[in-house]
Amino acid sequence: MKGALIGCGFFAQNQLNAWRDISEVDIVALCDVNTVSMRKTGQVFGINRLYSDAEHLFSDGGFDFVDIATTVPSHRPLVEMAAKSGVDVICQKPFAENMDDARAMVSAVQSSGKTLMVHENFRWQSPVQAALKTVRSGAIGKPFFGRVSFRSGYDVFSGQPYLADGARFIIEDLGIHILDIARAFFGDVKSITATTKRINPRIQGEDVATMLLSHHTGVTSVVDCSYATRRQPETFPQSLLEIDGDIGTLRLDADYKLTVQGKTQMEKDVSPKLLPWAEKPWHNIQESVHTIQQHFVDCLTSGLEPETSGADNLKTLALVEAAYLSAAQDRKIDLSEI
Ligand code: NAD
Ligand code: 89V
């Protein structure tokens, strides 16, 4: 399978490392409006076809899929170009700036008959997968309560300076992952209530969000995230879990400790692998990049819809929109409003 990657910035380096480890894939072309980072990336990964203009990349073609690793404002035009060119697409999160764009992007790729997957990788982290497998095995019975929590004081702005500038920050950038994990465990959401705060005076958007979700399955969950939490041990970038079921409880605690109590008793270290190109503490995310990209390839090969498809991601994105609306209007939002 031949691929092209657009956006040779901070996170694309992980994506390119992961593609290099996936035997079915050869990345044949790169594109970035910033030709300096594009050339540097091309040298590191031995990729010679370089484009500063995506239209030109697509008109030259010669690849089966495109990996869109740019920030959100360019996602819609790039996904629409890909749909027009008839290639499969993997696009970074946040998938779109608003629901209208997201729906148009899903529909454009559907009309082309190609596959669209969102690079929504947090549910693919191996500790989260281990917890999902345990809950799905029935070890804690039927869940009735869940908490998905990401609290950190990590300086995320040094690697991703644009995160300090947007009117929206933590729900759109990070909460989106944590909300997606809640969907993976507890199913789709009926209503959400959210509060937000900005603690760090040097950024524009909110860096704390606390959300209460009612799921169609009857589960109530709390999804909370913060980049204003100074604590030791620093748990970045771990998502911690507490899930109560009718016959037991599961916790994914700091340092990837998975515990089940109740009818089943279990304590297990579910630390992610440190891939050869990865570095701590990012290895958890980096391993999930490899896993989600392999999932994309497996879906293209088998013809199955990716678990984190564009259509699926509309529901995660709707939670982001609903959370902002709830915080702005200080009320519970029914997801049918979005
Ligand atoms: P970045 O700014 O470092 O890199 C983005 C690159 O895209 C830049 O080099 C920019 O020049 C290029 N670009 C922008 N518009 C373009 C266009 N129209 N055509 C060609 N090139 C274009 O950003 P980043 O930190 O690498 O983030 C990229 C995306 O990845 C964001 O959406 C971010 O939310 C996401 N991200 C995801 C994870 C994850 O775990 N899934 C982690 C970090 C970042
Ligand atoms: O996933 C992300 O988009 C990243 C990070 C995990 C650092 O918040 O911005």
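This text goes with the structure placed above it.
None of these values were measured; they are calculated from a predicted model.

Enquirer: Looking at this structure, how should I read the pattern of salt bridges?
Expert: Any two side chains of opposite charge can pair if their charged atoms end up close together. Taken as a whole and judged by the stated rule, the model has 18 salt bridges. Linking Arg 251 and Glu 242 is a salt bridge whose minimum nitrogen-to-oxygen distance equals 4.0 Å. A residue is classified by how much of its surface remains accessible, and Glu 242, at 25% relative accessible area, is partly exposed. Across the salt bridge formed by Arg 331 and Glu 337, the nearest N and O atoms sit 2.8 Å from each other. By relative accessible area, which is 32% here, Arg 331 ends up partly exposed. On the accessibility criterion, Glu 337 (41% relative accessible area) is partly exposed. Each of the salt bridges in this network shares a partner with another, and the network as a whole consists of Arg 123, Asp 180, Arg 183, Asp 188, Glu 307, Asp 312 and Lys 315.

Enquirer: Can you help me understand the site of ligand 1 in this one?
Expert: As a matter of local geometry, ligand 1 sits amid 23 residues, with Phe 11, Asp 32, Lys 93, Asn 121 and Tyr 162 nearest to it. Between ligand 1 and Phe 11 there is a distance of 2.8 Å, counted from an oxygen atom to a backbone nitrogen or oxygen. Within the backbone of Val 33, a nitrogen or oxygen atom sits 3.4 Å from a nitrogen atom of ligand 1. When isolated, ligand 1 has an accessible area of 850 Å², and the protein chains bury 84% of it. Counting atoms within 2 Å of the grid points, the majority share of ligand 1 lands in the largest pocket. Tallied by class, the residues present in the shell around ligand 1 amount to nine nonpolar, 11 polar and three charged.

Enquirer: What is the right way to read the sheet that holds strand β12 (residues 248-253) from this model?
Expert: Two modes of strand pairing occur in sheets, parallel and antiparallel, and in both the strands are linked by backbone hydrogen bonds. Read across the sheet, nine strands follow the order β14-β13-β12-β11-β7-β10-β9-β8-β15 without closing on themselves; strand pairing throughout is mixed. Sheet topology places β14 (266-269) and β15 (333-334) at the edges, where each strand pairs with a single neighbour. Sheet contacts for helix α6 (residues 126-136): β7 (143-151), β11 (240-245), β12, β13 (257-262) and β14; angle to β12, the most-contacted strand, approximately 175 degrees.

Enquirer: Please explain the pairing of strand β1 (residues 2-6) as it appears in this structure.
Expert: The side chains of a regular strand alternate, first on one face of the sheet and then on the other. By the criterion of burial, β1 is predominantly enclosed, with four of the five residues buried. Of the strand pairs in this sheet, β1 and strand β2 (residues 26-31) are connected by five bridges, and their pairing is parallel. Note that in β2 the partner of Gly 3 across the bridge is Ile 27. For the crossover from β1 across helix α1 (residues 12-20) to β2, the handedness is right-handed. The sheet contact formed by β1 and strand β4 (residues 65-68) spans four bridges and is parallel. Within β4, the position partnered with Ile 6 by the bridge is Ile 68.

Enquirer: How should I be thinking about the layout of surface pockets in this particular structure?
Expert: In this structure, the largest pocket encloses a volume near 1,000 Å³. Forming the boundary of the largest pocket are 48 residues, of which Thr 70, Thr 71, Val 72, Gln 160 and Tyr 162 lie nearest the centre. In terms of residue count, the dominant contributor to the lining of the largest pocket is helix α7 (residues 170-186) (four residues). Class assignment for the residues of the lining of the largest pocket results in 26 nonpolar, 14 polar and eight charged.

Enquirer: I'm lost on the sheet that holds β4 in this one. Help?
Expert: An order of β3-β2-β1-β4-β5-β6 is seen for the six strands of this open sheet, with the pairing classed as parallel. Each edge of the sheet is formed by a strand with only one pairing partner; in this case those strands are β3 (49-51) and β6 (116-119). Between one strand axis and the next, the sheet turns through 20 degrees on average, direction left out of account. In the packing of helix α4 (residues 75-85) onto the sheet, contacts are made with β1, β4 and β5 (88-92), and the angle to β5 comes to roughly 170 degrees.

Enquirer: Would you take a moment to explain the packing of α1 against helix α2 (residues 35-45) for this structure?
Expert: Each pair of packed helices gets described by two things: the angle between the helix axes and the distance between those axes. Two elements in contact, α1 and α2, have axes whose closest approach is 11 Å; the angle formed by their N-to-C orientations is 25 degrees. Judged by the inter-axis angle, α1 sits roughly parallel to α2. In this structure, α1 meets α2 at a crossing whose hand is right-handed. Facing Gln 13, Leu 16, Asn 17 and Arg 20 of α1, the residues of α2 in contact are Thr 41, Val 44 and Phe 45. Taken together, the residues of the contact of α1 with α2 break down into three nonpolar, three polar and one charged.

Enquirer: Got a minute to help me understand the pairing of β11 in this structure?
Expert: Two strands pair when backbone bridges link them, and β7 and β11 are joined in this way by six bridges, in the antiparallel orientation. Note that in β11 the partner of Pro 143 across the bridge is Gly 245. By the bridge criterion, five bridges tie β11 to β12 in an arrangement that is antiparallel. The partner of Asp 244 across the bridge, within β12, is Thr 249.

Enquirer: Quick question: what am I supposed to make of helix α8 (residues 283-302) here?
Expert: Within an α-helix, residues lying three or four positions from one another point in the same direction, as the helix has 3.6 residues per turn. For α8, with 20 residues, the first-to-last C-alpha span of 28 Å sits near the 28 Å given by 1.5 Å per residue. Phi for Gly 303, located one or two positions after α8, is positive at around 80 degrees.

Enquirer: What am I meant to see in empty space enclosed by the protein here?
Expert: Going through the model one piece at a time under the given rule, you end up with one cavity of 30 Å³ or more. Gln 125, Pro 127, Val 128, Gln 238, Ser 239, Leu 240, Leu 252, Asp 253, Tyr 256 and Asn 284 are the residues that line the largest cavity. Among the residues forming the lining of the largest cavity, the class breakdown is five nonpolar, four polar and one charged.

What counts and how
- Residues numbered from 1 in each chain as written.
- Chains lettered and ligands numbered in written order.
- Predicted model: local features only at pLDDT ≥ 70, side-chain atom pairs only at ≥ 80, totals over all residues.
- Heavy atoms only, no water.
- Salt bridge = Lys/Arg side-chain N within 4 Å of Asp/Glu carboxyl O.
- Buried < 20%, exposed > 50% of the residue type's maximum accessible area, 1.4 Å probe, protein only.
- Near = heavy atom within 4 Å.
- Polar contact = N/O pair within 3.5 Å; in protein donor to acceptor, adjacent residues only side chain to side chain.
- Areas by Shrake-Rupley, 256 points an atom, 1.4 Å probe, with all protein chains shown as cover.
- 1 Å grid on protein atoms, 1.4 Å probe; cavity = no way out; pocket = protein on both sides within 12 Å on 5 of 7 lines; lining within 4 Å.
- Sits in = over half its atoms within 2 Å of the grid points.
- Nonpolar A, V, L, I, M, F, W, Y, C, P; charged D, E, K, R; others polar.
- Pairing = 2+ DSSP bridges.
- Helix = DSSP H or I, 4+ residues; strand = E, 2+ residues; numbered from the N terminus.
- Contact = heavy atoms within 4.5 Å.
- Axes fitted to C-alpha atoms, helices over the stretch in contact; angles between N-to-C directions.
- Right-handed = clockwise from strand over helix to strand, strands pointing away.
- Points joined across faces, edges and corners; volume = space filled by probe spheres on them.
- Parallel < 35°, antiparallel > 145°, perpendicular 65-115°, else oblique.
- Left-handed = near helix turned anticlockwise from the far one by under 90°.
- Expected span 1.5 Å × (residues − 1).

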